[in-house]
Amino acid sequence: MKYCINDVDYAKAEKKFEEEFNKEWEIVLSELDCQQSQLLLGNRLRPKIVFWGFVASKTSSELNTLSFKNVARTAVSIELFHKASLLIDDWLDNDTARHGEKTFHVELGVQYTVVFAIHIICLAIWRIKSIFIDNLQDEDLYQSCIQKISDLVYGMSFGALQELQLKRKELYNIDKIKTIAHFETAEIIEKSLQIGYALGDSKSENVSAILNIIGSQCGYLFQTLNDLEAFSNFEKNAEHKGFVNFDIDNNRKNIVVSMLWELASSKDKKLIQNSSGINICYIGRKYHLKSFVLNDMEVVYNNMINNIKSLEDYGICQKWVNAFSDFFSQIRDIAYDRL
């Protein structure tokens, strides 16, 4: 499915941002001396969200005059954080492929993967701090953004550790699984939106708070759709990860499994506790799990769109609201297409 923003002004601005991002990304890859496939692939969702946060405070008439160099440099650091988490996640989940290509640890080894992931996290922090120093003149705004980066990095590691320590019975605790998913997935989306907004020299606490809610909802939506993939389309999951990975077989979180637990009878809960992922999948069909999850995600999506629209009450222009809603609509459809 092809992604394309319908609003011409925002589409042109996003293209200019992407050009700047790609230049900066190539510079970083050159400095790292690494062209492994996992660093070249991906939907660049988080960098794009930094862009949308940045232009939130701008009118459409300003877009042609904006420089996207610094926001693109910031987005590169956000993408480095994300890539580091994926490299470690693929290793911990024993995934042999991502997007149909060899995972980093399969191609370059576990030791190199761990050290490289730590290195690019450190590189991202070093880069982003210098960008903030040069571009955030307001001391409170600077300190706020530094705090957001600290929260992001801490959340990634905290969530991963919590997942590794999960006991079997906790795999069905939906509140605990949602909390872990928030730290591992939603936190970086929240902070990407807020930091992009701050780089636009904007500091409305009301707007920032709503962006935080939107980011959290987005993270929950996409993590859930990702977790649904194995229970929805075996072939696409195997193509993406190298084999059908149900997560729960490795004692890893899966929001969809915890949602099934909430639906299941006492008898089926006992079956779930003693079943492999493939058998849980068959139990899920009994409860029309895919339809249930998609209906729930439609509610989350609609709430997210309503929150985006509410930003008009705080001075965000209607064209941005419409374009950003269009962005999420298309990204959601791409995620649905994988199911």
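This text goes with the structure placed above it.
Just so you know, these numbers come straight off a predicted model, no measurement behind them.

### Things to note about the packing of aromatic side chains
Phase 1 of the analysis: A full pass over the atoms with the stated rule returns 19 aromatic pairs.
Phase 2 of the analysis: Here the aromatic rings of F17 and F21 are separated by 6.3 Å at their centres, their planes lie at 35°, and the arrangement is tilted. Of the two residues, F17 and F21 are both situated in helix 1 (residues 8-32); the distance of four residues between them amounts to about one turn of the helix.
Phase 3 of the analysis: Accessibility expressed as a relative area gives 1% for F17, which makes it buried.
Phase 4 of the analysis: Between F104 and F116, the ring centres sit 5.0 Å apart and the planes meet at 25°, which makes this aromatic pair stacked. Placement of F104 in helix 5 (residues 104-108) and of F116 in helix 6 (residues 110-135) is noted, with a sequence separation of 12 residues between them.
Phase 5 of the analysis: Three or more aromatic residues link up through ring pairs in this structure, and these residues are Y10, F17, F21, W25, F51, W52, F54, F68, W320, F324, F327 and F328.
Phase 6 of the analysis: We note R332 situated over the ring of Y301; from NZ or CZ to the ring centre the distance is 3.9 Å.

### A few points about the packing of helix 3 (residues 45-55) against helix 15 (residues 318-337)
Phase 1 of the analysis: In contact at an axis separation of 11 Å, helix 3 and helix 15 are set at 170° when each is read in the N-to-C sense. Here helix 3 is positioned roughly antiparallel relative to helix 15, judged by the angle of their axes. On the side of helix 3, the interface is formed by L45, K48, I49, W52 and V55, while helix 15 contributes W320, A323, F324, F327 and I331.
Phase 2 of the analysis: Here the contact of helix 3 with helix 15 is built from residues that sort into nine nonpolar, no polar and one charged.

### A short note on helix 11 (residues 255-263)
Phase 1 of the analysis: Across the nine residues that make up helix 11, a large majority, seven, are buried.
Phase 2 of the analysis: Along helix 11, the residues that are buried comprise I255, V256, V257, S258, M259, L260 and W261.
Phase 3 of the analysis: Tucked inside the fold, the buried residues of helix 11 contact helix 8 (174-199), helix 9 (205-232), helix 12 (266-273), helix 13 (277-286) and helix 14 (289-310).
Phase 4 of the analysis: Here helix 11 starts with a cap whose side-chain oxygen sits 2.9 Å from the backbone nitrogen of V256, and that cap is N254.

### Looking at the packing of helix 12 against helix 13
Phase 1 of the analysis: Their axes nearest at 9 Å, the elements helix 12 and helix 13 cross at an angle of 160°. Regarding the angle of helix 12 to helix 13, the classification is roughly antiparallel. In terms of crossing hand, the pair formed by helix 12 and helix 13 is left-handed. Along its contact with helix 12, which presents D268, L271 and I272, the element helix 13 presents I280, I283 and K286.
Phase 2 of the analysis: Grouping the constituent residues of the contact of helix 12 with helix 13 by class yields four nonpolar, no polar and two charged.

### Thoughts on the layout of surface pockets
Unfilled space is identified by rolling a water-sized probe across the atoms.
Phase 1 of the analysis: Estimates place the volume of the largest pocket at around 1500 Å³.
Phase 2 of the analysis: Lining of the largest pocket is provided by 50 residues; of these, R46, H82, L86, R98 and N226 occupy positions nearest its centre.
Phase 3 of the analysis: Counting residues per element, the lining of the largest pocket draws most heavily on helix 4 (residues 69-92), which supplies nine residues.
Phase 4 of the analysis: A per-class count over the lining of the largest pocket returns 18 nonpolar, 11 polar and 21 charged.
Phase 5 of the analysis: Taken as a whole, the second largest pocket spans an internal volume of roughly 200 Å³.

About the criteria used
Residue numbers run consecutively from 1 along every chain, following the written order of its sequence. Selection of residues for local features in this predicted model requires a pLDDT of at least 70, selection of side-chain atom pairs for listing and counting requires 80 or more, and totals for whole chains, interfaces and linings are taken over all residues. For the side-chain quantities, the full set of heavy atoms in the structure was used; hydrogens and water were omitted. Note on aromatic pairs: the rings of Phe, Tyr and Trp (six-membered ring only in Trp) are paired at centre separations within 6.5 Å, and the planes decide the class, stacked below 30 degrees, edge-to-face beyond 60, tilted for the rest. Counting from the N terminus, the helices are DSSP H or I runs at least four residues long and the strands are E runs at least two residues long. Only protein chains enter the area calculation, which uses a 1.4 Å probe; residues under 20% of their type maximum are buried, those over 50% are exposed, and those in between are partly exposed. Geometrically, a charge over a ring is one whose NZ (Lys) or CZ (Arg) sits within 6 Å of the ring centre while staying within 35 degrees of the ring normal. Think of each axis as a best-fit line through the C-alpha atoms, taken over the contacting stretch in the case of a helix, with angles from 0 to 180 degrees between the N-to-C directions. To sort the angles, those under 35 degrees are grouped as roughly parallel, those over 145 as roughly antiparallel, those from 65 to 115 as roughly perpendicular, and the leftovers as oblique. Contacts are assigned to residue pairs that have any heavy atoms within 4.5 Å of one another. Here the term charged refers only to Asp, Glu, Lys and Arg, the term nonpolar to Ala, Val, Leu, Ile, Met, Phe, Trp, Tyr, Cys and Pro, and the term polar to all other amino acids, Gly among them. Think of a polar contact as two N or O atoms within 3.5 Å of one another; within protein, one of them needs to be a possible hydrogen donor and the other a possible acceptor, and neighboring residues in sequence only count if both atoms come from side chains. In a left-handed crossing the near helix is turned counterclockwise from the far helix by less than a right angle, and in a right-handed crossing that turn is clockwise. Points on a 1 Å grid over protein atoms alone make up a cavity when a 1.4 Å probe fits among them but cannot get out, and a pocket when they form an open set with protein on both sides within 12 Å along at least five of seven lines; lining residues each have an atom within 4 Å of a point. Grid points are joined across faces, edges and corners, and a volume is the space filled by probe spheres set on the points.

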